[in-house]
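# Inside the fold
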Amino acid sequence: MSKNKTTCWNLENSYTKLPKRFFAHIHPTIVKDPAIVLFNEGLAEQLGLSCTSFQAEEVVKWLSGNAIPPQSKPLAQAYAGHQFGNFTRLGDGRAILLGEQITPEGHRVDIQLKGAGRTPYSRGGDGRAALGPMLREYIISEALHALHIPTTRSLAVVSTGESILREKELPGAILTRSASSHIRVGTFQYAAAWGSLDELQCLADYVIKRHYPNALNVDNRYIQLYKEVIDGQAALIAKWQLVGFVHGVMNTDNMTISGESIDYGPCAFMDAFDPATVFSSIDQTGRYAYGNQPAIGGWNLARFAEALLPLFHKEKERAIKIAQDVLSSYDDRFLEYWQNGMRSKLGLINKEPGDEKLISDLLDLMKKHKADYTNTFIALTNDKWGNHSIYNEKEFKQWHQRWKKRKNKQQASNKEIHTLMQSNNPAVIPRNHRVEEALNAAVEHGDTRVVKELVHVLSTPYAHTEEKASYQQASNADTPYRTFCGT
Ligand code: AMP
Ligand code: MG
């Protein structure tokens, strides 16, 4: 937190100016014996919270909720959401917003403590979080950020010195999360279901001012807001698909209005390419499978439109027509982002008619031969095949020739093409067994070195260096990887 104590926190509380329906003031619950497990120096600096001149005890108190930073008016946000398709009233059951930090560059960033105790929205939950899942969120969110994917960030994890009860007793922890805001599709659903029209409009105006000020110059700013959110989600989900990320719980309460990824519960990265990939043990029907993510994004955005309808037009029929017209652009927006990304992964600079087929043929072959998604693109980038079995397949060799012909007839130099591929094909992703190994060392043995090393390696995914090699192997476990929601 900066050299000058008085300027370290620079909190504002604009959310408290919204109607009271949208939040409840609540203080974090004191914890017994907090200690810092991970602290993100780089992020702290960006936030204007670099802690060099602060007493460690002071910092740990803030990050555990045992002390409230100056100017903070802590609150829990109210929202609703479709969880696996079922509409429910929710709200922050264990997260407390300390306020909005105004960064040295003038950005407004939410600072939230996750696992900070019960709130009026806890619905019988204990308000707490376990160390393993909070470290997991830290690792994955920071990995996504390094992969250039919009996401909430992780400033710190502190252990609480208390146990929490899940299937067994687990060490408790609190994550400090930053976000451009925590407003969700579910926040609008909540406003539409339980608020007045004025309250809904108030929320929409707040969001436009905070995230999409350009919409103020448009005839109907709410339609523009909808367009912007659709575009942001199309871009975001394309980025997930391009790196093989499976969010796992794309409920409407876990979809932000800002276009940042949020809530890293049962998420994981795919190894062998298969659109049916699901990791979450509770996703029995594959609703949130890798290949379903773009469609579910569209489904969630339709729910967003339903909430906004009265702001689109006072006549319902007209409003529905507007919503349908705007939403119909989503599939094309997604496809364009995704295909452009795929072209970059294949070193293709311009667009040619046969590209779509070239891409889909590659993915079909990868699926058929259970090729590792990330490592196939690394091999294509570096033209080093080692023991990649797909390369021994005749039909793949034929595809490879087609691709090389297409790639090499471009004007660009080989070096330019190679650089494009390197910066679009990560040398490393958070491999599931590596994440588990790191969590296990920290939770079972109190050894955080493995997590720290993993976070370090994942911080430069597009640097194709030697140190990455040992992090590239997929697990050779016989059973499929499973993630659990019991966080
Ligand atoms: P999530 O699955 O993490 O998106 O959470 C869904 C909802 O459950 C949110 O409203 C959370 O705040 C709430 N929740 C999750 N865990 C707890 C907990 N231990 N105590 C209270 N609320 C919780
Ligand atoms: Mg959530």
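### Quick notes on the coordination of the magnesium ion (ligand 2)
Octahedral metal centres with six donors ideally show angles of 90 or 180 degrees, and tetrahedral centres with four donors ideally show 109.5 degrees. Taken together, the protein donors to the magnesium ion (ligand 2) comprise Asn254 (OD1) and Asp263 (OD), at separations of 1.8 to 2.2 Å. As far as the burial class goes, Asn254 and Asp263 line up, both buried.

### Examining the packing of aromatic side chains
Each pair of aromatic rings is reported with the distance of its centres and the angle of its planes. Tallied over the entire structure, the rule returns 22 aromatic pairs. Look at Trp385 and Phe396: their rings are 5.4 Å apart centre to centre, the planes differ by 65°, and that puts the pair in the edge-to-face class. Here Trp385 is found in the loop between helix H12 (373-382) and helix H13 (394-408), whereas its partner Phe396 is found in helix H13, with 11 residues between them in sequence. Exposure remark for Trp385: the relative accessible area of 8% places this residue in the buried category.

### Remarks on the packing of helix H10 (residues 330-345) against helix H11 (residues 355-368)
Viewed as axis vectors pointing N to C, H10 and H11 meet at an angle of 75°, and their least axial separation amounts to 11 Å. With respect to H11, the element H10 is oriented roughly perpendicular. On H11, the residues that touch Trp338, Gln339, Met342 and Arg343 of H10 are Asp355, Glu356, Ile359 and Leu363. Of the residues in the contact of H10 with H11, the class split is 4 nonpolar, 1 polar and 3 charged.

### Side note on the nonpolar core
In this structure, Tyr15, Val157, Phe188, Phe312 and Leu380 are the most contacted members of the largest nonpolar core, which totals 117 residues. The biggest single contributor to this core is helix H7 (residues 221-243), with 13 residues. Both domains that furnish three or more residues to this core are identified here as domain 1 (11-179) and domain 2 (183-427 + 472-487). If sequence neighbours within four positions are ignored, Phe312 has contacts with Asn220, Tyr222, Ile223, Tyr226, Ala305, Ala319, Ile322 and Ala323.

### Considerations on the packing of helix H6 (residues 197-211) against H7
Where H6 meets H7, the axes come as close as 11 Å, and the angle between the chain directions of the two elements is 60°. Considered as vectors, H6 and H7 are oriented oblique to each other. The crossing of H6 and H7 is left-handed. Contact residues: H6 offers Gln201, Ala204, Asp205, Val207 and Ile208, while H7 offers Arg221, Tyr222 and Leu225.

### A word on the pairing of strand S10 (residues 153-165)
As judged from the 4 bridges shared by strand S3 (residues 35-39) and S10, these two strands associate in the antiparallel manner. The residue of S10 that forms the bridge with Ala35 is Ser159. In this sheet, strand S11 (residues 169-179) lies alongside S10 in antiparallel orientation, the contact comprising 9 bridges. Opposite Ser159, over in S11, you have Ala173 as the bridge partner. The loop that links S10 with its antiparallel partner S11 comprises 3 residues.

Rules of the game
Residues numbered from 1 in each chain as written. Chains lettered and ligands numbered in written order. Predicted model: local features only at pLDDT ≥ 70, side-chain atom pairs only at ≥ 80, totals over all residues. Heavy atoms only, no water. Donors = N, O, S within 2.8 Å, 3.2 Å for Na, K, Ca; no water. Buried < 20%, exposed > 50% of the residue type's maximum accessible area, 1.4 Å probe, protein only. Phe/Tyr/Trp six-rings, centres within 6.5 Å; stacked < 30°, edge-to-face > 60°. Helix = DSSP H or I, 4+ residues; strand = E, 2+ residues; numbered from the N terminus. Axes fitted to C-alpha atoms, helices over the stretch in contact; angles between N-to-C directions. Parallel < 35°, antiparallel > 145°, perpendicular 65-115°, else oblique. Contact = heavy atoms within 4.5 Å. Nonpolar A, V, L, I, M, F, W, Y, C, P; charged D, E, K, R; others polar. Core = buried A, V, L, I, M, F, W, Y, C linked by side-chain atoms within 4.5 Å. Domains from an automatic or database assignment. Left-handed = near helix turned anticlockwise from the far one by under 90°. Pairing = 2+ DSSP bridges.

Read these as geometric descriptors, not functional statements.
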